[in-house]
Number of protein chains: 2
Amino acid sequence: MKFNYVNPTQILFGQNQIVGISGQIAPDSKVLVIYGGGSIKRNGVYDQVTSALENHNWVEFSGVEPNPTRETLDKAVELVRSENVDYILAVGGGSVIDGSKYVAASALYDGEGWDIPSGKHQVTQALPIGAILTLPATGSESNMGSVVTNATTQEKLAFLSPFVQPKFAVMDPDVMKTLPERQLVNGVVDAWVHVCEQYITTTNNAYVQDGYAEALLRSLLKLGQDFENRDNDEWRANLMWSANQALNGLIGVGVAQDWATHMIGHELTAAFGVDHARSLAIVQPSLMRNQMATKRAKLEQMGVNVFGLAKGDDLAERTVDAIEAFYQSLEVATTLTDHGLTTEQAVDKIVGQIESHGMVALGEHQAITLTESRQILEAAIQ
Amino acid sequence: MKFNYVNPTQILFGQNQIVGISGQIAPDSKVLVIYGGGSIKRNGVYDQVTSALENHNWVEFSGVEPNPTRETLDKAVELVRSENVDYILAVGGGSVIDGSKYVAASALYDGEGWDIPSGKHQVTQALPIGAILTLPATGSESNMGSVVTNATTQEKLAFLSPFVQPKFAVMDPDVMKTLPERQLVNGVVDAWVHVCEQYITTTNNAYVQDGYAEALLRSLLKLGQDFENRDNDEWRANLMWSANQALNGLIGVGVAQDWATHMIGHELTAAFGVDHARSLAIVQPSLMRNQMATKRAKLEQMGVNVFGLAKGDDLAERTVDAIEAFYQSLEVATTLTDHGLTTEQAVDKIVGQIESHGMVALGEHQAITLTESRQILEAAIQ
């Protein structure tokens, strides 16, 4: 077990924490407030933010879409330059925060912003970012990852850089009060799969990492099981903190990671617009069954420690069934068929994109070639 | 649930990480290497450190004792001043790191260093500290706490300051290969009680914090049960990472904390020289029984989730018995009697010190007055 780890994001968790942002941003900063479709104007967050910034000089950029596009974000980069912005304040969920990371890095890069997710340019500097989370799911508020879509080319690509990790993250669970049911469900599923990507791998008896991952999975399972009773402070706080911990880097230190479900899922979203979390729910059970040989031991451990299943020869298979049943209990579809994608052409399109991005050896063992990716997708047509 | 949290210490975990310190300390720094009784010269750590510092300007200070005394540490402060040291490198266990924190803060304070633990002076600046951990137990390598002893007055007092939190912490499990059995046992027990202080409290259904705490307790229980088979990389890495996580602040965010076991235990160490971890093993079971009314619910949860005990009316009592049996399985005494302290005079002395430090309302509910402290200590005579 060998790793380097630090998480430098200052977490401000709890009700009425938005007011604290003024102390986190230097008073002489020129701030760009970036947000999405305007829900923050309806739920009061926009007013809280502008009130907190009353002594700061700031401008705003709205309209960042789910699966944020470089086409939109490049306009924010122009605004940063024309307004001499030196601090980015992202107010939103994973899409807005991921998009803000693209903006913060692109603004200090002379070339095309898309060079960053496409891998042509390695980020060496970025404007500082603060995040006010309005939708718990991705963990982007305190990590160095970003996923951006190129609408023109239907590409959805990720990049990582310590320079774009937020300096602070406000997590006020009250912002979840007005979230649509669909987004809360997506948050539970997205966080769940984030944990799985760092847990359902070759075991190396890392007690802390395994135990933390199982604690998060049990938390998310319980939150899903209590979904009908979600309208209370405790439920909201537990989801927000679980989703953050699921992808702040901690549970993945010193252990194998996989991420093949995400890589294939991204292409499904890019090609057919399936919600990110829902793309994962389609790919993951099928991928687990395809990769059963190397994932059996950890699935057995998960079956006992997370789902409380009885031991037995088919424990790993029953664990995958339990994962699938968990998604279905939240009315999240687990097949391509459920999304109306039943044809070989649909599979061809996704596999074609996987190939065009050079993702010909996915997963912890690089064992998922195009052949396995096709098998996984075909098995998701039922 | 409301909290602010960040842990800014860069963790360098794993074998052969000591070589990396040269990149963590500015090349033009004047470094003071602080260590203890010289075990680092016998186990090769000293050579690794001096080799890593070959391009740095450094001096050294040795002789920091277990339960580090201000009498010794004040000499290091003098050395810092006379040598114009601007970086402290602590090489040791919790005592050396805690002592280094005292030195780093005292060096930039005009008054008596002891003003800091005694509460007369609030730390506002300190020299930067790096830590190379040689004994996993206290978590001091990545937190802001320090406990220092005044040998003259037999006082052992704690202080907290973000300014003394190490900038980086090297955790190479190989340094544990030459540790005496007694110190490894102390490490397991110390880390265990650190988790308990943040977990056996009023429950507020914080799924992540509770789940993480239980994961650490299960890890430490397993490591204790496997104590005979401890001579392997996996055991060492798991203990080192568990002990770090037990007191890096994370599991305690947003939940009640207690620390009465530590407060009473410190006085036992100050008065009679009982090892820190062993003082906790004496106080804790007795304190749990004394405070059963408010701790029952969490002890029941711990009984099921950590020890796998069956539910039932006396579950909480059986959990305390299991904790006590765990200590005894490691040949750690759980009574004052085992340490030869059987008289009312011994109890009088400890209670007198508790009173003299104004600790007349200890624990999460401030319910442990001098009367309860006396009851707890008397019940530990058997």
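All figures in this text were calculated on a predicted structure; none of them were measured in a lab.

**Observations concerning the overall build of chain A**
Next, step 1: In terms of regular secondary structure, chain A is built from 13 helices and 8 strands.
Next, step 2: Whereas a compact globule of 382 residues would reach a radius of gyration of roughly 21 Å, chain A reaches 20 Å, a difference of no more than 12%.
Next, step 3: Each principal axis of the C-alpha atoms in chain A carries an extent, and together these give about 65 × 45 × 45 Å.
Next, step 4: Looking at chain A as a whole, 61% of its 382 residues qualify as buried.
Next, step 5: The long-range fraction of contacts in chain A, counting pairs at least 24 apart against all pairs at least 6 apart in sequence, stands at 77%.
Next, step 6: Accessible surface computed for chain A: about 13900 Å², of which carbon and sulfur atoms make up 48%.
Next, step 7: With 26 positive and 45 negative side-chain charges, chain A shows a separation of 1 Å between the mean positions of the two kinds.

**Some remarks on the relation of the copies chain A and chain B**
Each copy of the chain is related to the other by a rotation around an axis and a translation along that axis.
Next, step 1: Mapping chain A onto chain B calls for a screw motion: a turn of 180° about the axis and a shift of 0.0 Å along it, with 0.0 Å RMSD after fitting. Put plainly, the chains are arranged around a two-fold axis.
Next, step 2: Interface overlap between copies is the fraction of interface residues in one copy that are interface residues in the other; for chain A against chain B it reaches 100%, indicating a shared surface.

**Let's talk about the sheet that holds strand 5 (residues 129–133) of chain B**
Next, step 1: Across the sheet, 12 strands lie side by side as 3(A)-2(A)-4(A)-5(A)-8(A)-1(A)-1(B)-8(B)-5(B)-4(B)-2(B)-3(B); this open sheet has mixed pairing. The open sheet has two edge strands with one neighbour each: strand 3 (57–61) of chain A together with strand 3 (57–61) of chain B. Strand after strand, the sheet turns through a mean of 25° between neighbouring axes, direction not considered.
Next, step 2: In terms of strand pairing, strand 1 (residues 3–13) of chain B meets strand 8 (residues 168–171) of chain B through 4 bridges, oriented parallel. Across the sheet, the residue bridging to Gln10(B) is Phe168(B), located in strand 8 of chain B.
Next, step 3: Here helix 4 (residues 94–106) of chain B sits on the sheet in contact with strand 2 (30–34), strand 4 (87–92) and strand 5 of chain B, set at roughly 165° to strand 4 of chain B.

**What to know about the UniProt feature "domain: Alcohol dehydrogenase iron-type/glycerol dehydrogenase GldA" (unreviewed entry) in chain A**
Next, step 1: According to UniProt, the positions carrying the feature "domain: Alcohol dehydrogenase iron-type/glycerol dehydrogenase GldA" (unreviewed entry) are residues 8–173 of chain A.
Next, step 2: This span, residues 8–173 of chain A, is 23% helix and 26% strand, and a straight line between its end C-alpha atoms measures 21 Å.

**Digging into the pairing of strand 6 (residues 145–150) of chain B**
Residues and elements named next belong to chain B.
Next, step 1: Most of strand 6 sits out of view: 6 of its 6 residues are buried.
Next, step 2: Burial along strand 6 is two-sided: the face carrying Gly145, Val147 and Thr149 and the face carrying Ser146, Val148 and Asn150 are both buried.
Next, step 3: Examined bridge by bridge, strand 6 and strand 7 (residues 155–160) share 6 bridges and lie antiparallel to one another. Within the sheet, the bridge partner assigned to asparagine 150 lies in strand 7 and is glutamate 155.
Next, step 4: Connecting strand 6 to the antiparallel partner strand 7 that follows it, the hairpin turn spans 4 residues, and glutamine 154 within it adopts a positive phi of roughly 50°.

**Re helix 13 (residues 370–379) of chain A**
All names here are of chain A.
Next, step 1: Within helix 13, the full set of buried residues consists of Glu372, Ser373, Ile376 and Leu377. Within helix 13, the buried residues cover an arc of 135° as seen down the axis, which keeps them to one side.
Next, step 2: Of the surrounding secondary structure, the elements contacted by the buried residues of helix 13 are helix 8 (260–272), helix 9 (276–290) and helix 12 (344–356).

**Some words on the interface of chain A and chain B**
In many reports, interface size means the accessible area that the parts give up when they come together.
Next, step 1: Facing 41 residues of chain A, the contacting portion of chain B comprises 41 residues.
Next, step 2: Summing both partners gives a buried area of about 3400 Å² for chain A against chain B, and 57% of it is carried by carbon and sulfur.
Next, step 3: Counting the contacts that link chain A with chain B gives 18 residue pairs in polar contact (both at pLDDT 80 or more).
Next, step 4: Tallied by class, residues from the side of chain A that touches chain B come to 20 nonpolar, 16 polar and 5 charged.

Reading guide: rules and limits
Numbering of residues starts from 1 in each chain and follows the order in which that chain's sequence is written. As a convention, the first chain written is A and the first ligand written is 1, with the rest following in written order. Local features in this predicted model are restricted to residues of pLDDT 70 or higher, and side-chain atom pairs are both shown and tallied only at a pLDDT of 80 or more, whereas totals for entire chains, interfaces and linings draw on every residue. Note: side-chain values were computed over all heavy atoms of the structure, leaving out hydrogens and water. Secondary structure elements are defined from DSSP: runs of H or I of at least 4 residues count as helices, runs of E of at least 2 residues count as strands, and each element is numbered from the N terminus. For a compact globule the rule gives 2.2 Å times the number of residues to the power 0.38, and the radius of gyration it is set against comes from C-alpha atoms. Buried residues are those whose accessible area, probed at 1.4 Å on protein chains only, stays under 20% of the maximum for their type, while exposed residues exceed 50% and partly exposed ones sit between those limits. Throughout, a residue-residue contact means that at least one pair of heavy atoms, one from each residue, lies within 4.5 Å. The method behind every accessible area is Shrake-Rupley, applied with a 1.4 Å probe, and residues are considered shielded solely by the protein chains displayed. For the purpose of counting charges, residues Lys and Arg are taken to be positive, whereas Asp and Glu are taken to be negative. His and the chain ends are not included. Note on charges: their place is set at NZ of Lys, CZ of Arg, CG of Asp or CD of Glu. Superposition of the copies used a least-squares fit over C-alpha atoms from residues whose pLDDT is at least 70 in both. Only strands that DSSP links by at least two bridges are regarded as paired with each other. Each axis is a line fitted through C-alpha atoms, taken for helices only over the stretch in contact, and angles between the N-to-C directions span 0 to 180 degrees. UniProt positions are given in the numbering used here, feature names are shortened, and annotations may be inferred rather than shown by experiment. Picture the helix axis, draw a direction to every C-beta atom, and the arc is the one those directions span. When two components associate, each loses some accessible surface as probed by a 1.4 Å sphere; the sum of these losses over both components is called the buried area. The definition of a polar contact used here is a pair of N or O atoms within 3.5 Å, where within protein one atom must be able to donate a hydrogen and the other to accept one, and adjacent residues in sequence count solely through side-chain atom pairs. For this scheme, ten residues count as nonpolar: Ala, Val, Leu, Ile, Met, Phe, Trp, Tyr, Cys and Pro. Four count as charged, namely Asp, Glu, Lys and Arg, and the remainder, Gly too, count as polar.

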